[in-house]
Amino acid sequence: MIENNPTQLAGLDVGMGAIKMYSPVGGILIPSQVSLNGNQQVGRMVGLRNQKPPMLITTENGQFYVGPGAHDWGRPVENLDYDRLSGSPEMLALFLAALMHLLKDPGVESSKGLILYVGLPHELLSGEQAKEIQALIRRWMMGVHQWEVNRQLYSIEIIEVKFTSQAAAAVFDHSLNEQGQFLPHGRAILKNESGVISIGFNTVELLVIRDKKPVQRFTTGVTAGVRRLLEIVNSQQMYSLGELDTLLRAGRLDIKDALPVWEREVTGVIERYWGQSWKRFSSILLVGGGAALLKESLLHRFVGKATIPDDPVISIARGLYKLGLYQERRKRE
């Protein structure tokens, strides 16, 4: 067997709107759109352009179209709740699609195992069932995975899975470089009282750290993410959330009336938990797809305090990767 040399460490952000992975070969984002492959494909029609099908993944659970446009090609499987993290068939298909960019060649089993640093929402890291939930996620992620894409076999082994919060990962993206070493300002971010506002698909998460520890009263997660914006737009339920998300990402969704309504919901969450205390924070980091949508208003609201990364959507996955490099280096020292 020819040896394949996949990335040995990667960061994985299992967001509800998209799954994001980052490694030395770069970052990848795959929208959480999955459909069952069951519809007969329409042939070429004169006067219309051919449509390239999405990625078709074959697993032991069947065949699934995955990624942008998947809902146009089969029966949408839309499970955007936390129970999909238990290893549902559609979650596994998305997971395998993200892993593909780590492999150089199909038909070759990885010779070395992969360590994954995984970002989870706050509520899956705290509470009585947190350990049970994490054990469940770790169980289906670890081990050897085999799947087919376009009749080509792929395989990779995951030997270790570690968890942290998505918001905390954003802090490490801001404080570490691509080698997992502290940037000049990095240690101060972890030492001082610093805030994070992470606006994902499902949740708005707030985190404040001081002396490398979370400040509990300023840290929370509330279901008020981008999904709420899409639900306001989709009041008559004519579209799947995946279809609306595709339009939103392409800049073709009319949100001018819904955006101010959703913005007030988001700022209401921040006001409820932070009040005016944010003025004492040394900095506030804005991440997530929702932060990109509300960039101008949030930067204005927290003027002098707030910053937004060059890519706020991939920032969490990139931070997980950097944190992994930092932790693995510390083990060797």
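All figures in this text were calculated on a predicted structure; none of them were measured in a lab.

## Digging into the packing of helix α5 (residues 226–233) against helix α6 (residues 241–249)
For the pair α5 and α6, interaxial distance at closest approach is 10 Å and the crossing angle is 100 degrees. One element, α5, and the other, α6, form an angle in the roughly perpendicular class. Counting all contacts with α5, which are made through Val226, Arg227, Leu230 and Glu231, the residues of α6 involved are Leu241, Leu244, Asp245 and Leu248. Looking at side-chain class alone, the contact of α5 with α6 contains five nonpolar, no polar and three charged residues.

## Side note on unusual backbone geometry
Across the chain, the bulk of peptide bonds are trans and the bulk of non-glycine residues have phi less than zero. A positive phi angle, near 65 degrees, is found at lysine 212, a position not held by glycine. Along the chain, lysine 212 falls in the loop between β12 (204–210) and β13 (213–214). With phi around 55 degrees, glutamine 237 is a residue other than glycine that occupies positive phi space. In this structure glutamine 237 comes out as exposed when scored by relative accessible area, which is 69%.

## What about the layout of surface pockets?
Summary: where empty space remains is shown by rolling a probe the size of a single water molecule over the atoms. Of the volumes computed, that of the largest pocket is approximately 450 Å³. Taken together, 28 residues make up the lining of the largest pocket; nearest its centre are Ile199, Gly200, Phe201, Gly289 and Gly290. Only β1 (9–14), β2 (18–23), β11 (194–199), α6 and α8 (289–293) provide two or more residues apiece to the lining of the largest pocket. Here the residues of the lining of the largest pocket are counted per class, giving 13 nonpolar, ten polar and five charged. By volume, the second largest pocket amounts to about 370 Å³. Counting residues per element, the ones that place at least two in the lining of the second largest pocket are β10 (152–165), α3 (166–175), β12 and β13.

Calculation notes
Residues numbered from 1 in each chain as written. Predicted model: local features only at pLDDT ≥ 70, side-chain atom pairs only at ≥ 80, totals over all residues. Heavy atoms only, no water. Axes fitted to C-alpha atoms, helices over the stretch in contact; angles between N-to-C directions. Helix = DSSP H or I, 4+ residues; strand = E, 2+ residues; numbered from the N terminus. Parallel < 35°, antiparallel > 145°, perpendicular 65-115°, else oblique. Contact = heavy atoms within 4.5 Å. Nonpolar A, V, L, I, M, F, W, Y, C, P; charged D, E, K, R; others polar. Buried < 20%, exposed > 50% of the residue type's maximum accessible area, 1.4 Å probe, protein only. 1 Å grid on protein atoms, 1.4 Å probe; cavity = no way out; pocket = protein on both sides within 12 Å on 5 of 7 lines; lining within 4 Å. Points joined across faces, edges and corners; volume = space filled by probe spheres on them.

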